[in-house]
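# Descriptive analysis of the structure
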Amino acid sequence: MICKVRHTIEKYGMIKKGDNILVALSGGADSMCLLDVLLKLKNEMGFYVCAAHINHGIRGAEADRDELFVKEYCNSHSVKLGFKKVDVPLISAQTGEGLEECGRRLRYTVLKEFAGDGFIATAHNLNDRIETFFFNFARGAGLNGLCSIPPVRGNIIRPLIDCSRIEIEQYCSDNSIPFVTDSTNFDTEYSRNRIRHNILPQLKLINDSLEQSADKCFTLLNDDKDYLDLQSNELYQKALCENGFCVDVLNNAHPAIKNRVISLIIKNKTDIIPDFSTVLKISEIIKNEGVVQISSGINVRVRKGVLDFPVFKKTDKWKKECKNGFNYLPGFTVEVLSFNKNDTINSKLNNRNELIYDIDSKKISGNLMFRNRCDGDVYRPVGRNCSKTLKKLFNEKGIPPEKRDEILICNDGSRIVFVEGFGVDEYFSVTGSTETFLRFIIRRN
């Protein structure tokens, strides 16, 4: 085991002489094995070892037992220990995260605080890597996700990543290393536990050497990933131009490389890791031009053969009461006429820049107001048999984010009456029984 871990450390360049290593110590077999191995290697390889324990506040007395166990063990072995208790159930309820997701985020936040400029050693092993592979596979991951847990990520290192769980448990037994058992490891309500206890045993029946075969698979996958990353970095540099990135260079690339470069561009320019659907949207505008909003205030635009990140000036929110006659609004002049079904009204448009919308005036329940869009606006287009947010409708029609605040909206205090370019809301639409009408003649200035 010690030779295997030493080889892993050297293979991935995990630790250099003089480094400070913080072991994430839960008290379980994996982390206790990791601590013991690193303590035995520290003098030989010239690094320093300390540990940290986080009580997540999930398992009550059992978690308190683990904390006491870790403290006593570290004290008896002269290992400097940092520890902290966090209320994961409370924080996850406040943030809306799942317990697993919230616990992981808080755990790494605390570990980074303890580690400072040093390195964090976690006890992830080969079996964890296999479980993560299937977890990511089930979620539709690409090559990066199928490569599973990386041996090194930033200042996080995983010296046990090439060791199987059986090897770890055998090492603990042979060296009389005590450990505690987390009862939630057997709870198959957790996705990873279902994979561990239900799926992997079935695969072991097919191939008793599952761990060794998976290790070969990860080596091949990572080799492919490294090559594609290299090609992507070269294309990234080739696509760079004065004002952004040359679309012709990107369009001539194979989709496997082009999509990776798109992700790389977004990550480098915005620090956002885009999901697959966002990458596909950007890939589409690379072909046809347009704008994709990837987060609030951050847009990707393709125009005149260049992909860039324009900053669009946000249009101020405004509203103005509707009155009969002429209404002079930001960007519009709207004439409002009242009439009934027996009146003769000219319905002919004076020019192409005009729109005419008629509504059933008896359905108005409040004061009519003109305004531009607000977050969460919902509207029911005539004939669609469903209500939709304006955001979805604007996306469907391909209206770029920088133009959306310029669209005229009328509402009566409780619901939208009409949306310029989309028409009257179904509730206010004119029917055969309509007696009195309001006509809006809309002209862009």
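Since we're looking at a predicted model, the values are computed, not measured.

Quick look at the sheet that holds strand β20 (residues 416-419) now. What the five strands build is an open sheet, ordered β12-β16-β19-β20-β21; its pairing is antiparallel. Each edge of the open sheet is held by one strand with a lone partner, namely β12 (319-321) and β21 (423-424). One ladder, built from two bridges, connects β20 with β21; its direction is antiparallel. Note that in β21 the partner of Val 419 across the bridge is Gly 423.

Glancing now at the pattern of salt bridges. Close approach of charged atoms lets side chains of opposite charge pair. With the rule as written, the count across this model stands at 30 salt bridges. Across the salt bridge formed by Lys 85 and Asp 64, the nearest N and O atoms sit 3.7 Å from each other. Here Lys 85, found in strand β3 (residues 81-85), pairs with Asp 64, found in helix α3 (residues 61-76); they are 21 residues apart in sequence, far enough to count as distant. Residue class for Lys 85 comes out exposed when judged on its relative accessible area of 54%. Owing to a relative accessible area of 38%, Asp 64 belongs among the partly exposed residues under this scheme. One salt bridge in this structure joins Arg 196 and Asp 128, with 3.8 Å as the shortest N-O distance. Of this pair, Arg 196 sits in helix α9 (residues 191-206) while Asp 128 is found in helix α6 (residues 126-138), placing the two residues 68 residues apart along the sequence. The network of salt bridges with common partners includes Arg 59, Glu 62, Arg 65, Asp 66 and Asp 182.

Here the focus is the sheet that holds strand β2 (residues 48-55). Ordered in space as β3-β2-β1-β4-β6-β5, the six strands form an open sheet in which the pairing is mixed. Two strands in the sheet have a free side with no partner beyond their single neighbour: β3 and β5 (152-153). Summarising the sheet, strand β1 (residues 20-24) and strand β4 (residues 119-121) pair through three bridges and their orientation is parallel. What sits directly across from Val 23, in β4, is Ala 121. Against the sheet, helix α2 (residues 29-45) engages β1, β2 and β4, with an angle of about 160° to β1.

Looking now at a positive patch on the surface. On the surface, Arg 104, Arg 107, Lys 112 and Arg 153 cluster together to form a positively charged patch. Of all the elements, helix α5 (residues 99-115) adds the most residues to the positive patch, at three residues. Secondary-structure assignment places Arg 107 in helix α5.

The next point concerns the side chain of Asp 128. Classification of Asp 128 as buried rests on a relative accessible area of 12%. Here Arg 165 takes part through its side chain, which lies 2.9 Å from a polar atom of the side chain of Asp 128. Dropping the residues within four chain positions of it, Asp 128 is found in contact with Asp 30, Ala 123, Ile 149, Arg 165 and Arg 196.

A few words on the packing of aromatic side chains. Under the counting rule described, the total for this entry stands at twelve aromatic pairs. Look at Phe 133 and Phe 137: their rings are 6.5 Å apart centre to centre, the planes differ by 5°, and that puts the pair in the stacked class. Here Phe 133 pairs with Phe 137, and both are found in helix α6, just four residues apart, close to one helical turn. We classify Phe 137 as exposed; its relative accessible area is 54%. Residues Phe 326 and Tyr 328 carry aromatic rings whose centres are separated by 6.3 Å and whose planes lie at 15° to one another, so their mutual orientation is stacked. The class for Phe 326 is partly exposed, based on a relative accessible area of 39%.

What follows is about helix α8 (residues 165-174). All of the buried residues in α8 are Arg 165, Ile 168, Tyr 171 and Cys 172. The buried residues of α8 occupy an angular sector of 125° when projected down its axis, which confines them to one face. Exposed side chains of α8 directed beyond 90 degrees from the buried face belong to Ile 166, Ser 173 and Asp 174. Elements that come into contact with the buried residues of α8 comprise α1 (2-11), α2, α6 and α9. Just beyond α8, the residue with positive phi is Ser 176, at close to 50°.

Right, let's get into the environment of Asn 155. Mapped onto the secondary structure, Asn 155 falls in the loop between β5 and β6 (156-157). For Asn 155, a relative accessible area of 23% translates into the label partly exposed. Taking the C-alpha atoms as reference, Asn 155 lies 8.6 Å from Ala 121; in sequence the two are 34 residues apart. Asn 155 has contacts with Gly 116, Gly 118, Phe 119 and Ile 120, leaving out every residue within four places of it along the chain.

Further remarks concern the packing of α6 against helix α10 (residues 210-239). Interaxial distance between α6 and α10 falls to 10 Å at its minimum, and their mutual angle equals 65°. When the axes of α6 and α10 are compared, the pair comes out roughly perpendicular. In the packing of α6 onto α10, the handedness of the crossing is left-handed. On α10, the residues touching Leu 126, Asn 127, Arg 129, Ile 130 and Phe 133 of α6 are Glu 211, Ala 214, Asp 215, Phe 218, Leu 221 and Asn 222. Considering only residue class, the contact of α6 with α10 consists of six nonpolar, two polar and three charged.

What counts, and at which threshold
- Residues numbered from 1 in each chain as written.
- Predicted model: local features only at pLDDT ≥ 70, side-chain atom pairs only at ≥ 80, totals over all residues.
- Heavy atoms only, no water.
- Pairing = 2+ DSSP bridges.
- Helix = DSSP H or I, 4+ residues; strand = E, 2+ residues; numbered from the N terminus.
- Salt bridge = Lys/Arg side-chain N within 4 Å of Asp/Glu carboxyl O.
- Buried < 20%, exposed > 50% of the residue type's maximum accessible area, 1.4 Å probe, protein only.
- Contact = heavy atoms within 4.5 Å.
- Axes fitted to C-alpha atoms, helices over the stretch in contact; angles between N-to-C directions.
- Patch = residues over 30% accessible without salt bridge, like charges linked within 9 Å, V, L, I, M, F, W, Y side chains within 5 Å.
- Areas by Shrake-Rupley, 256 points an atom, 1.4 Å probe, with all protein chains shown as cover.
- Lys, Arg positive; Asp, Glu negative; His and termini not counted.
- Charge placed at Lys NZ, Arg CZ, Asp CG, Glu CD.
- Polar contact = N/O pair within 3.5 Å; in protein donor to acceptor, adjacent residues only side chain to side chain.
- Phe/Tyr/Trp six-rings, centres within 6.5 Å; stacked < 30°, edge-to-face > 60°.
- Arc of directions from axis to C-beta.
- Parallel < 35°, antiparallel > 145°, perpendicular 65-115°, else oblique.
- Left-handed = near helix turned anticlockwise from the far one by under 90°.
- Nonpolar A, V, L, I, M, F, W, Y, C, P; charged D, E, K, R; others polar.

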